[in-house]
Every structure is written in C-alpha cells, then in structure tokens.
Amino acid sequence: MTLTPPRAPTAGYRRLTTTLYGYSFLDEFVLLYPVYALLFSDTGLSVWQVSSLFALWSVTGVLLEVPSGAWADAVSRRRLLWLGPLLTAAGFALWVLVPSYGAFALGFVLWGAGGALGSGALEALVHDELDRIGAADRYAGVMGRARSAGLVAVMAAMGLAGPVFAWGGYAAVGAASVLVCLLAAATATRFPEHRKPSADGGRWATTLRAGLAEARADRSVRGALLLVPAVTAVWGALDEYTPLLVRDTGVAERTVPWLLLVIWAGATAGGLLAGVGERLGTAGLAGLLAGAALALATGAAAGTPAALVLVAVAFGGFQLASVLADARLQQRIDATGRATLTSVAGLGTELATVAVYGAYAAVGTSTGHGTAFAWFAVPYLLTAALLTARAARARPAQQSQQSGGS
C-alpha cells in the first residue's frame, strides 16, 4: 500500500507561499543590481575600493547577523521582515543622491543591516508556519521556489535596467529600487505568524545562549551549521563580480546585462530543482558540488561568451546545494532557537564571504577575473571531498543497522 503525505490546508499554505514568493521577488527586483558596480567605477573607485565596500557590507552582517537572529526568536519575526527593506531603501537613496565613497559605504551598512534583520527570521518563520499546518516536509521545495522567484526578479531587473538607465540614468534606476524596497516592506506585513514572542519581553541574549547551547550539544547540528557557509559563501561573493567577468570576455557594455541573464537563469533552475534535489544523500550532494566546481573552473577560464553557459550551470548547482544545506539545518534544530541558529550559519557565511572578497581582490588584480573565478572552484572540490569521506564513514554504520534489524 502506498501512503501519500497529507495535503497542507489550502488557505494557510497559499497565504504563506504567495506572500513569500511576492516578498522574495520584490526583495531582489532592484534595478541598481546590474549597474551599481558600474556606478562605483564611474565615480572613480578602484578595484580595491570596490572590494572594500563589499567587505564592509559583509562586516555589517557579521556584527548584526546573530543578534538579529536571536532578536527574531525573542520578538516578532514578521516585524523584522518589514523593517529590513526600509533600511535598504534608505541606503539606495544615498547612493544616487550623493554618489561618493562615503555614501556608498553608509549605504552598504544600511543594506547589510536590512539583510541581517531578515536573515534567519525568514527561514524560521516559513519553517514554523509550514510545520504548524503539517507541511514541514515541503520546506526545501518552497524555499527553492522562493529563491528562484528572487532570481527571476534579478533577471527582470537586468532586462529593465538598460532601458531605464538610458531614459533617466542612475537617478531613475535608484528611484525605482527605493520604490520596490517600500513595496517589499508592505508585502512583509502580510506574512502569517502564529508563534508567540518569548515571555521574557524580548531578551535576545537569553535566546542566543540557548541556541548556542543546542549547537554545542548536538554534533549533527554543528555539522549542518558548517555546511551552510561552506556551500554558500564563495559563489555568493563571486556573483558580485560576474559583470566584470562577463565584460572580460570582450563583449560590448550593452551586452553585459544580457549575458548576466544566462548566468542567473542557471541559478534560477537550480532553485526550482530543490524539491527533487532533496532526495540527494550526502554522497549525492558531494557529487553536485564537484560537478558545479568543475563547470565553474572550465567556463570561467575559457574567457569566451559561449563558455558562460558553464558558469550558469555551476551557479545552478551551487544554488541547489545552498537550498539543500539550509533544509538540512532546519531539520536538525529546535523551533525555539531556529532563527538564532540560522543566523549563526549566516554569520559563518558572512565571515567566509569577507575572506573571499579579500582574496578575490588580490587574485583578480594580478590574474584577471576569469582566472580568479577558476581558482575559487577549489574550495568546493575540498568540500565535496570532505562530504564524500563523511558518507563513506557513515555507510558501514548504516549497513550494520540494516543487518541488525533484518
């Protein structure tokens, strides 16, 4: 007899997912995305200055990631989800009103703060609401589609950025980006949230200690926490340099956004495959990372527009692996500290991302963007090797359990 999982209540499930997909789309539908690196360059910033801005962005996340996650476990997660886009809107406004290194830096601080408020809070809210209606097993598929909605928004922004920029310059794309952030904040107010804030009135330090205690006590939780930054950090940093990688293939400036669409189409496909990819075991995840790493190294090193298809395949693999790593973490942690520990994983990602920005500045300056991208495939090959070794160690124990139960 075949058992089918119970269907989630239609009304609650639809409200949650519709709001989530709309929020994810608006959060990424920023017309400044395809052109802000060019804005920095046109303002006279060097590669080192641009990398320092990216690093400042990540440092802001490092400082605020875990406290904001603990805060989300102590108070309303929905509140943090609408506060974040408002801070981001203020940062974008600064960029186009007073373009300068100082304004760019302050804008990245605001953007980093806004991102930190949502990091952990979003995943925790979605998982707990799905769990409440008996649909926690749909988490990977739901979050995969949400990330794909965000990437579709990125691609739409890339397609619209050129015409809007031609019409009104940086001021026009900046105004559109601020407006979208305000719409994202309004959408966040529609998230359902049945969880009650903690009774101690929002003492996030207490929540933080409880969450970290869970990580110390459970080895599987620690492993899941480490896997998230190992999978997410490198390609999350590299995406900031993709316009420069594309331009180094020799195409005209006006062609850059169109080729970026190819790369992000691959990442979107990876998110949509999350429901199917959840069936992958540890060895399967290792194979996924190794294949994506080889595609990244080959496509980037080739230095031709056609080879960017391989970079798109790589980004698709990394996106899928990122969703699966997050799903593994959510399966292993307790609901009371869910946002806290998700933010701890986010902190690890931010720290690793800062290191990648610094390393990229050194490698990219001396070797070029194609070679730099190829070198950054190596961490994924190492992660794949570690996962393969872990799967090999676990296999005898699983076989012993199966033989003992037969």
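Residues numbered from 1 in each chain as written. Predicted model: local features only at pLDDT ≥ 70, side-chain atom pairs only at ≥ 80, totals over all residues. Heavy atoms only, no water.

Before going further, it helps to spend a moment on the packing of helix α4 (residues 77-97) against helix α6 (residues 121-132). Between α4 and α6, whose axes approach to 9 Å, the crossing angle comes to 140 degrees. Relative to α6, the element α4 lies oblique. Pair α4 / α6 crosses with left-handed handedness. On α6, the residues touching Arg77, Arg78 and Leu81 of α4 are Ala121, Leu122, Ala124, Leu125 and Asp128. Partitioned by chemical class, the residues of the contact of α4 with α6 number five nonpolar, no polar and three charged. (Axes fitted to C-alpha atoms, helices over the stretch in contact; angles between N-to-C directions. Helix = DSSP H or I, 4+ residues; strand = E, 2+ residues; numbered from the N terminus. Parallel < 35°, antiparallel > 145°, perpendicular 65-115°, else oblique. Left-handed = near helix turned anticlockwise from the far one by under 90°. Contact = heavy atoms within 4.5 Å. Nonpolar A, V, L, I, M, F, W, Y, C, P; charged D, E, K, R; others polar.)

Membership of the largest hydrophobic core comes to 92 residues, with the highest contact counts inside it found for Phe40, Trp95, Trp264 and Phe315. It is helix α7 (residues 139-188) that provides the largest number of residues to this core, a total of 13 residues. In this structure phenylalanine 315 touches Trp235, Leu238, Asp239, Thr242, Ile263, Trp264, Ala267 and Leu296, once residues within four positions along its chain are discounted. Residues Ala124, Met143, Ala188 and Ala339 belong to the second largest nonpolar core, which totals 27 residues. (Core = buried A, V, L, I, M, F, W, Y, C linked by side-chain atoms within 4.5 Å. Buried < 20%, exposed > 50% of the residue type's maximum accessible area, 1.4 Å probe, protein only.)

So, about the environment of valine 75. Examined against the element boundaries, valine 75 turns out to sit in the loop between α3 (47-74) and α4. For valine 75 and lysine 196, which are 121 residues apart along the polypeptide, the C-alpha to C-alpha distance reads 8.0 Å.

So, about the confidence of the model for the protein chain. The share of residues in the protein chain with pLDDT of 70 or more is 88%, and the mean pLDDT across the chain is 83. No element of the protein chain has a lower mean pLDDT than helix α8 (residues 204-217), which averages 59, and none a higher one than α4, which averages 94. The low-confidence segment residues 1-6 (pLDDT under 50) makes two contacts with residues lying over four places distant or belonging to another chain. (pLDDT = per-residue confidence, 0-100.)

Enumeration over the complete set of coordinates arrives at two salt bridges. We note a salt bridge from aspartate 128 to arginine 77, for which the minimum N-O separation is 2.7 Å. Note that aspartate 128 is positioned in helix α6 and arginine 77 in helix α4, a separation of 51 residues in sequence. Of the two residues, aspartate 128 and arginine 77, neither departs from the other in class, the shared state being buried. (Salt bridge = Lys/Arg side-chain N within 4 Å of Asp/Glu carboxyl O.)

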